[in-house]
Amino acid sequence: MIEVESTVMWIGHRSEHSAIYGPGLRYVIWTQGCTLACGGCWNKQYWPKGGTPVAITDLVEEIRRVKGIEGITILGGEPLQQANATLKLIQFVKATGLTVFLYTGYEPKEFDETMQACFDSSDIVVTGRYVESQRNVSLRWRGSTNQVLHCPTGRYSLLELNEQNEVEIVVNEDGTIELYGYPDSEIRQWIENQTVT
Amino acid sequence: MSTVYVQVNLPITNVLCLDMAIQEAGGTWNAPEIIHEIRRAKMKTATAQGAQSLISANNEYAELLRALSPETIPRTICVNIEGRTLTFIKNRGQYSTRTRNGTQSGLIGAIQSISKLYDKNMRLIENELNKTIQTLEEQKDLLSAEQVQSLRSVIEGQQSTIQSANQERVDEVTKEIEEKLAARGFEVRRRMVGKKIVYQAVRR
């Protein structure tokens, strides 16, 4: 039995139905807190510690209630700077039959034991820092060419991967906009100019 | 030598909040006649004496709120503030203008304070709406059918001012998104997630 009680994950943002962070529709979690500080990182708001503390039990309950998803994606922030919570989340989610896609800015050679366990139990992992000089928006699921895709469990195959540029734009009920994925600079600029009220 | 301009924006999800915010910031604007009528009608609801007078004031207020559609709001407005007149143009669900950077920090500060007051007034209007709903719930057995109906009309009117402005903004934004993505060679899939519109754009 998996022990999930009393473990808390610090979260910056969640999206229930995204189609661009892995195969199929996915529940996406941006963890809060990252000290890697990659130059040109687009998610700087998730660097500082803090965010919302969510018990893993509550999080998995919430994920279970979402219909029609193939799995979850964990990004950040840096999920492996909360490796214990991330590992428990991965184990529990895998036990429900959903798949797990994990993003980390660490290289495998930097992993400790818990980080390695997170890697080994995830179905797809992207590893490596975001390197601004190697930014490439035509890659699927990665931001720069140095980042590497792995399929540790064999549930997916890299052969199925078609490189393509993906962007997701959410228009909320009040007309405010959220932008996800790997937009080119013009789209990014345009969205940033949409002052959110 | 080049001149740098900054863009300043005024939110208009609820134009009544914008009206209140401009006034509170010490400014004036060329508000359309319906805004003046709404100001007067709202005043009447606050000062009405007796049930019939209040019903009549509420009905008048509600009718004006329902008439306040995005089409009744001008595309261009002039705001007088800090001794200057700025012309704003309605675009992407907000009023925008450009002004020279650096030389008018007081002016930009005043515009920013309008935006802050706007947020405060939005909360105020939401509270007012919730209070009206609560009053209706608590007193529905004590009020006459006519009184209940007039309160319901006010609630619907307040909700419709927000919803119609939101819808206009959503329409503008989605049209622009679809055009921009198509022009950049993306294949676009549109789906609804609850009340949200989600565009998944792929470029191979």
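Here the structure is a predicted model, which means the values were calculated and not measured.

For this particular structure, what's the right way to read the overall build of chain B?
For chain B, the count of helices and strands is five helices and seven strands. Listing each helix as α and each strand as β along chain B from the N terminus yields β-α-β-α-α-β-β-β-α-α-β-β. Out of the 204 residues belonging to chain B, those deemed buried represent 29%.

How do you make sense of helix α1 (residues 15–24) of chain B when you look at a structure like this?
The periodicity of an α-helix, 3.6 residues per turn, causes residues three or four positions apart to be oriented the same way. All names here are of chain B. Counting buried positions along α1 yields eight of 10 residues, so the element is predominantly enclosed. When we look at burial in α1, the residues that qualify are V15, L16, C17, L18, D19, M20, A21 and I22. Of the residues trailing α1, G26 is marked for its positive phi of about 85°.

Sorry if this is basic, but what is going on with the domain arrangement of chain A here?
Interface size is often expressed as the accessible area that is lost when the parts come together. Residues and elements named next belong to chain A. Per the domain assignment, the segments making up chain A are domain 1 (8–163) and domain 2 (166–197). For domain 1 versus domain 2, the distance between C-alpha centres works out to 21 Å. Classifying every residue of the side of domain 1 that touches domain 2 gives three nonpolar, two polar and one charged.

Before we go on, may I ask you to explain the sheet that holds strand β2 (residues 26–31) of chain A in this structure?
Adjacent strands of a sheet pair through backbone hydrogen bonds, lying either parallel or antiparallel. Residue and element names in this part refer to chain A. Spatially, seven strands are ordered β3-β1-β2-β4-β5-β6-β7 in an open sheet, and the strand pairing comes out mixed. The open sheet has two free edges, formed respectively by β3 (52–55) and β7 (148–150), since each of these has just one partner strand. Averaged over all pairs of adjacent strands, the angle between strand axes in this sheet comes to 30°, irrespective of strand direction. Sheet topology places strand β1 (residues 8–18) next to β2; five bridges connect them, and they run antiparallel.

Explain the interface of chain B and chain A here, please?
The interface of chain B with chain A comprises 24 residues on the first partner and 21 residues on the second. When residues in the side of chain B that touches chain A are grouped by element, the largest group, eight residues, is from strand β7 (residues 196–203) of chain B. Looking at the side of chain B that touches chain A residue by residue, the classes come out as 10 nonpolar, seven polar and seven charged.

So what exactly am I meant to see when it comes to the nonpolar core here?
Buried together is how nonpolar side chains tend to be arranged in soluble globular proteins. The biggest cluster of nonpolar side chains holds 37 residues, and the ones touching the most others in it are I56(A), I72(A), L89(A), V93(A), L102(A) and C118(A). Of all the secondary structure elements, the ones that give two or more residues to this core are β1, β2, α1 (56–65), β4 (71–75), α2 (83–95), β5 (99–103), α3 (113–121) and β6 (124–127) of chain A. Here this core takes seven residues from α2(A), the largest share from any one element. When sequence neighbours within four positions are dropped, the list of residues in contact with L102(A) reads I74(A), P79(A), C118(A), S122(A) and V125(A). Counting residues in each nonpolar core, the second largest holds 29 residues, with M20(B), A25(B), V79(B) and A110(B) among its members.

I tried to follow the packing of helix α2 (residues 33–47) of chain B against helix α3 (residues 51–67) of chain B on my own but got confused; where do I start?
The relative placement of two packed helices is expressed as an angle between their axes plus a distance between the axes. Residues and elements named next belong to chain B. Two elements in contact, α2 and α3, have axes separated by 9 Å at closest approach and are oriented at 155°. When the axes of α2 and α3 are compared, the pair comes out roughly antiparallel. For the pair α2 and α3, the crossing hand works out as left-handed. Residues I34, E37, I38, A41, K42, K44 and T45 of α2 touch α3, and the partners they reach there are L54, A57, N58, E60, Y61, L64, L65 and A67. Partitioning the contact of α2 with α3 into residue classes produces nine nonpolar, two polar and four charged.

What am I meant to see in unusual backbone geometry here?
With the exception of glycine, the majority of residues adopt a negative phi angle, and the majority of peptide bonds are in the trans configuration. Here the amide bond leading from G76(A) into G77(A) is cis, since omega sits at 15°, within 30 degrees of zero. With respect to the helices and strands, the residue G77(A) is situated in the loop between β4 and α2.

Sorry, what's going on with the confidence of the model for chain A here?
Low pLDDT marks stretches whose predicted atomic positions should not be read closely. Per-chain confidence: chain A averages 90 in pLDDT, with 94% of residues scoring 70 or above. Note that pLDDT drops below 50 for residues 1–5 of chain A; the model gives that stretch 10 contacts with residues more than four away or on any other chain.

What's the story with the environment of L136(B) in this structure? I'm lost.
Residues and elements named next belong to chain B. Within the secondary structure, L136 is located in helix α4 (residues 105–139). For the pair L136 and Q112, spaced 24 residues apart in sequence, the C-alpha to C-alpha distance is 36 Å. Dropping the residues within four chain positions of it, L136 is found in contact with V148, L151 and R152.

Would you explain the sheet that holds strand β6 (residues 187–193) of chain B in this entry?
The antiparallel open sheet is built from four strands, whose spatial order is β9(A)-β8(A)-β7(B)-β6(B). This sheet does not close on itself; its edge strands, each paired only once, are β9 (177–181) of chain A together with β6 of chain B. Adjacent strand axes in the sheet meet at a mean angle of 20° when their direction is disregarded. Relative to β7(B), β6(B) is paired through seven bridges, and the arrangement is antiparallel. In the sheet register, V188(B) faces β7(B), and the bridge partner there is A201(B).

Could you clarify how one ought to interpret the pairing of strand β8 (residues 165–171) of chain A in this entry?
In regular strands, side chains alternate between the two faces of the sheet. The buried count for β8(A) comes to six of seven residues, which makes it a mostly enclosed element. Strand direction decides the pairing type here: β8(A) and β7(B), joined by seven bridges, are antiparallel. The partner of V167(A) across the bridge, within β7(B), is A201(B). Examined bridge by bridge, β8(A) and β9(A) share five bridges and lie antiparallel to one another. Bridge pairing links V171(A) to I177(A) in β9(A).

About the criteria used
Residues numbered from 1 in each chain as written. Chains lettered and ligands numbered in written order. Predicted model: local features only at pLDDT ≥ 70, side-chain atom pairs only at ≥ 80, totals over all residues. Helix = DSSP H or I, 4+ residues; strand = E, 2+ residues; numbered from the N terminus. Buried ≥ 20, exposed ≤ 12 C-beta atoms within 10 Å, placed from the backbone. Domains from an automatic or database assignment. Nonpolar A, V, L, I, M, F, W, Y, C, P; charged D, E, K, R; others polar. Pairing = 2+ DSSP bridges. Axes fitted to C-alpha atoms, helices over the stretch in contact; angles between N-to-C directions. Contact = placed C-beta atoms within 7 Å. Core = buried A, V, L, I, M, F, W, Y, C linked by C-beta atoms within 7 Å. Parallel < 35°, antiparallel > 145°, perpendicular 65-115°, else oblique. Left-handed = near helix turned anticlockwise from the far one by under 90°. pLDDT = per-residue confidence, 0-100.

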